[in-house]
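The residues making up each chain are set out below.
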Amino acid sequence: NEGSDIIARFGGAVNLNRCLVTSNIKSNFNEKPYNIAINIDNTAKGNVNNCLFQKTHIAIWVSNAKAKIENNIFVLDLTMGIVVEKRRSKVKIASNEFHNPGKGVLTRNGASSKVTVTNNNFDQSGILVASSSSPQIIGNRLEGQHRSSGIRYADCGFGLCSENVFINFTEPKSPCIS
């Protein structure tokens with residue numbers, strides 16, 4: 001993707017630990033290329049740990065790759081924290097903090113049960129499961145989502161959803177799970 005800052009592809013690897021990831025680029029989600037901070041693609045491997053993401057369109061994009069994304073903080077000015085797509089992706093998203101980055105996690109285009117979203121804290125953000133993807137969503141804390149559902153299943157999205165905690169979902173138009 002031309003709009004990516006860090007790219008790992010075709011068996012390559014990226015390992016980030018204790019980094020500040022930010023950008024001055026503002027992009028429109030309807031325009032390509034998207035501003036993606038880290039793109040892990042086509043059989044690449046990635047480990048992203050203890051990083052702070054801010055002011056980027058999409059923090060991490062994983063497609064047909066393996067990744068562990070743990071103990072990171074995603075803050076204001078993000079459209080999406082993490083996007084995972086394609087059936088062969090094997091991704092662990094665990095113990096991260098999402099503070100109002102639009103959608104914290106988006107799975108799409110057939111992302112399978114090999115994608116796990118566990119023990120994360122979503123503050124004013126949520127999870128979107130779309131386009132026949134089927135991640136495992138377990139033990140997350142979702143708080144104060146007033147713009148949309150905490151966990152939303154759309155376009156034939158499905159998967160295991162258990163032991164999640166929902167706090168301050170008071171708007172009828174914004175249920176915990178839809």
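Residues numbered from 1 in each chain as written. Predicted model: local features only at pLDDT ≥ 70, side-chain atom pairs only at ≥ 80, totals over all residues. Heavy atoms only, no water.

Draft legend 1. Expanded view of the side chain of T56. Along the chain, the position of T56 falls in the loop between β6 (52–53) and β7 (58–63). Classification of T56 as buried rests on a relative accessible area of 2%. Residues contacting T56, with those up to four places away along its chain left out, are S23, N35, I36, A37, D77, L78 and T79. (Helix = DSSP H or I, 4+ residues; strand = E, 2+ residues; numbered from the N terminus. Buried < 20%, exposed > 50% of the residue type's maximum accessible area, 1.4 Å probe, protein only. Contact = heavy atoms within 4.5 Å.)

Draft legend 2. Spotlight on the layout of surface pockets. Of the volumes computed, that of the largest pocket is approximately 160 Å³. If you go around the largest pocket, the residues you meet are K45, G46, N47, K66, A67, K68, K90, V91, K92, S113, K114 and T116. Within the residue set of the lining of the largest pocket, elements represented by two or more residues are β5 (45–49), β8 (66–70) and β11 (90–94). Partitioning the lining of the largest pocket into residue classes produces two nonpolar, four polar and six charged. (1 Å grid on protein atoms, 1.4 Å probe; cavity = no way out; pocket = protein on both sides within 12 Å on 5 of 7 lines; lining within 4 Å. Points joined across faces, edges and corners; volume = space filled by probe spheres on them. Nonpolar A, V, L, I, M, F, W, Y, C, P; charged D, E, K, R; others polar.)

Draft legend 3. Molecular detail of the environment of I177. Along the chain, I177 turns up in the segment after β21 (165–167). Among the residues examined, I177 registers a relative accessible area of 41% and is labelled partly exposed. Between the C-alpha atom of I177 and that of Y153, which follows or precedes it by 24 residues, the distance is 7.8 Å. Those residues in contact with I177, other than ones at most four positions away along the chain, are I151, Y153, C161 and F166.

Draft legend 4. Region of the structure containing the sheet that holds strand β4 (residues 36–41). Spatial ordering of the open sheet is given by β1-β4-β7-β10-β13-β16-β19, a layout of seven strands whose pairing is parallel. The sheet is open, and its two borders are formed by β1 (4–8) and β19 (151–153), each paired with just one other strand. For this sheet, the mean angle separating the axes of adjacent strands, direction not counted, is 10 degrees. Sheet analysis places β7 next to strand β10 (residues 80–85), joined by five bridges and oriented parallel. Paired with S63 across the two strands is E85, which belongs to β10. (Pairing = 2+ DSSP bridges. Axes fitted to C-alpha atoms, helices over the stretch in contact; angles between N-to-C directions.)

Draft legend 5. Broad picture of the pattern of salt bridges. What the rule picks out here adds up to four salt bridges. Its salt-bridge partner being R9, residue D41 comes within 3.3 Å of it at the nearest N-O pair. Taken together, the residues D41 in strand β4 and R9 in the loop between β1 and β2 (13–17) connect sequence positions 32 residues apart. Look at D41 and you get buried, because its relative accessible area is 12%. (Salt bridge = Lys/Arg side-chain N within 4 Å of Asp/Glu carboxyl O.)

Draft legend 6. Just the nonpolar core, in detail. Ranked by internal contacts, the top residues of the largest apolar core, which has 35 residues, are F53 and I60. With residues up to four places along the chain from it excluded, the contact list for F53 reads V21, I38, V48, A59, I60, N72, I73, F74, V75 and L78. Within the second largest apolar cluster, nine residues are counted, among which are M80, L106, L128 and A154. (Core = buried A, V, L, I, M, F, W, Y, C linked by side-chain atoms within 4.5 Å.)

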